[in-house]
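# Tertiary structure, described
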Amino acid sequence: MSSVFTRIIEGEIPGLFAWADETVVAFATISPITPGHLLVVPRATVDQFTDLDDDVLGHAAIVAGRVGRAQRTAFDAPRAALIVAGFEVPHAHLHVLPAWDQAAISLSNARSAEQSELRAATERVREALRSMGWGAFVPSDISSPRLA
């Protein structure tokens, strides 16, 4: 079954991508908790993270770690946070965000953001990923999940 995330990955709905490989993508959420908040999403439509193949789940966690390190660099954040909830969209995804304190790490703090704000924050993460040696996985077009 298709999800809104499937439609973003397939290019039917616009997205802002920081990472793309054969297994997962990372793109900006339209309701970030903090600037730079990204979602790491498997390309395959699987409802819950507990239903993911172990290899896919492991790879998603590795990518989330790389994205989190890039977010810390890009936003000078003391921590990167990881939230796995899955109630918003029936497609497994990991929320990865730069974090400054424990109180701010709640999906109830998500807010709508302007497209220009999302684009600028995503570009900062993309630049950090490139500088950390992960440029091969940063799509050449921020609006496309295609591999380089």
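You'll find the structure just up there.
Starting from 1, residues in each chain are numbered consecutively following that chain's sequence as written. This being a predicted model, a pLDDT of at least 70 is required before a residue's local features are given, and a value of 80 or more before pairs of side-chain atoms are given or counted; all residues contribute to the totals for chains, interfaces and linings. Heavy atoms throughout the structure, all of them, feed into the side-chain values; hydrogens and water do not.

### Re the nonpolar core
Nonpolar side chains in soluble globular proteins tend to be buried together. Nine residue types can take part in a nonpolar core, namely buried Ala, Val, Leu, Ile, Met, Phe, Trp, Tyr and Cys, and a core is a set of them joined through side-chain atoms within 4.5 Å. Note on classification: 1.4 Å probe, protein chains only; a residue is buried when its accessible area is under 20% of the maximum for its type, exposed when over 50%, partly exposed between these limits. Core analysis: the largest hydrophobic core is formed by 24 residues, its most contacted members being Val40, Val125 and Leu129. Elements that contribute at least two residues to this core include exactly strand E1 (17–20), strand E2 (24–28), strand E3 (38–42), helix H2 (54–75), strand E5 (94–99) and helix H3 (115–134). Among the elements that line this core, the one with the most residues is H2, at seven residues. Contacts of Val125, omitting those with residues within four sequence positions, involve Ala18, Gly36, Leu38, Ala70, Gln71, Ala74 and Phe75. In terms of nonpolar packing, the next biggest core, distinct from the first, is built from 10 residues, Phe5, Phe17, Val41 and Val89 among them. Numbering goes from the N terminus for both helices and strands, where a helix is a DSSP run of H or I of at least four residues and a strand is a run of E of at least two. Whether two residues are in contact is decided by their heavy atoms: any pair within 4.5 Å suffices.

### Some words on the pattern of salt bridges
Any Lys or Arg side-chain nitrogen found within 4 Å of a carboxyl oxygen on Asp or Glu counts as a salt bridge. Under the defined criterion, the tally for this structure stands at four salt bridges. Across the salt bridge formed by Arg126 and Glu123, the nearest N and O atoms sit 3.1 Å from each other. Of the two residues, Arg126 and Glu123 both sit in helix H3, three residues apart, roughly one turn of that helix. Here Arg130 ties to Glu123 by a salt bridge, and the two come within 3.4 Å at their closest N and O atoms. Its relative accessible area of 23% is what places Glu123 among the partly exposed residues.

### Details of H2
Residue count minus one, scaled by 1.5 Å, sets the expected span of a helix. A rise of 1.5 Å per residue sets the reference length of H2, with its 22 residues, at 32 Å; its end C-alpha atoms lie 31 Å apart and thus fit the reference within 8%. Residues of H2 that are buried sit in contact with E1, E2, E3, strand E4 (79–83), E5 and H3. A 3.5 Å cut-off defines polar contacts: any pair of N or O atoms within that distance qualifies, except that in protein one atom must be a possible hydrogen donor and the other a possible acceptor, and neighbouring residues in sequence count only when both atoms are side-chain atoms. The N-terminus of H2 is capped by Asp53, whose side-chain oxygen sits 3.0 Å from the backbone nitrogen of Asp55. Immediately beyond the C-terminal end of H2, within one or two residues, lies Asp76, with a positive phi of roughly 50°.

### Structural notes on the sheet that holds E3
Between any two strands, at least two bridges found by DSSP are needed for them to pair. Strands sit in the order E1-E2-E3-E5-E4 across an open sheet of five strands; the sheet is antiparallel. In the strand order of this sheet, the two ends are held by E1 and E4, each with one partner. Mean inter-strand twist for the sheet, computed between neighbouring axes without regard to direction, equals 20°. Pairing geometry for E1 and E2, over three bridges, is antiparallel. If you follow Phe17 over to E2, its bridge partner there is Phe27. Between N-to-C directions, angles span 0 to 180 degrees; the directions come from axes that are lines fitted to C-alpha atoms, helices contributing only their stretch in contact.

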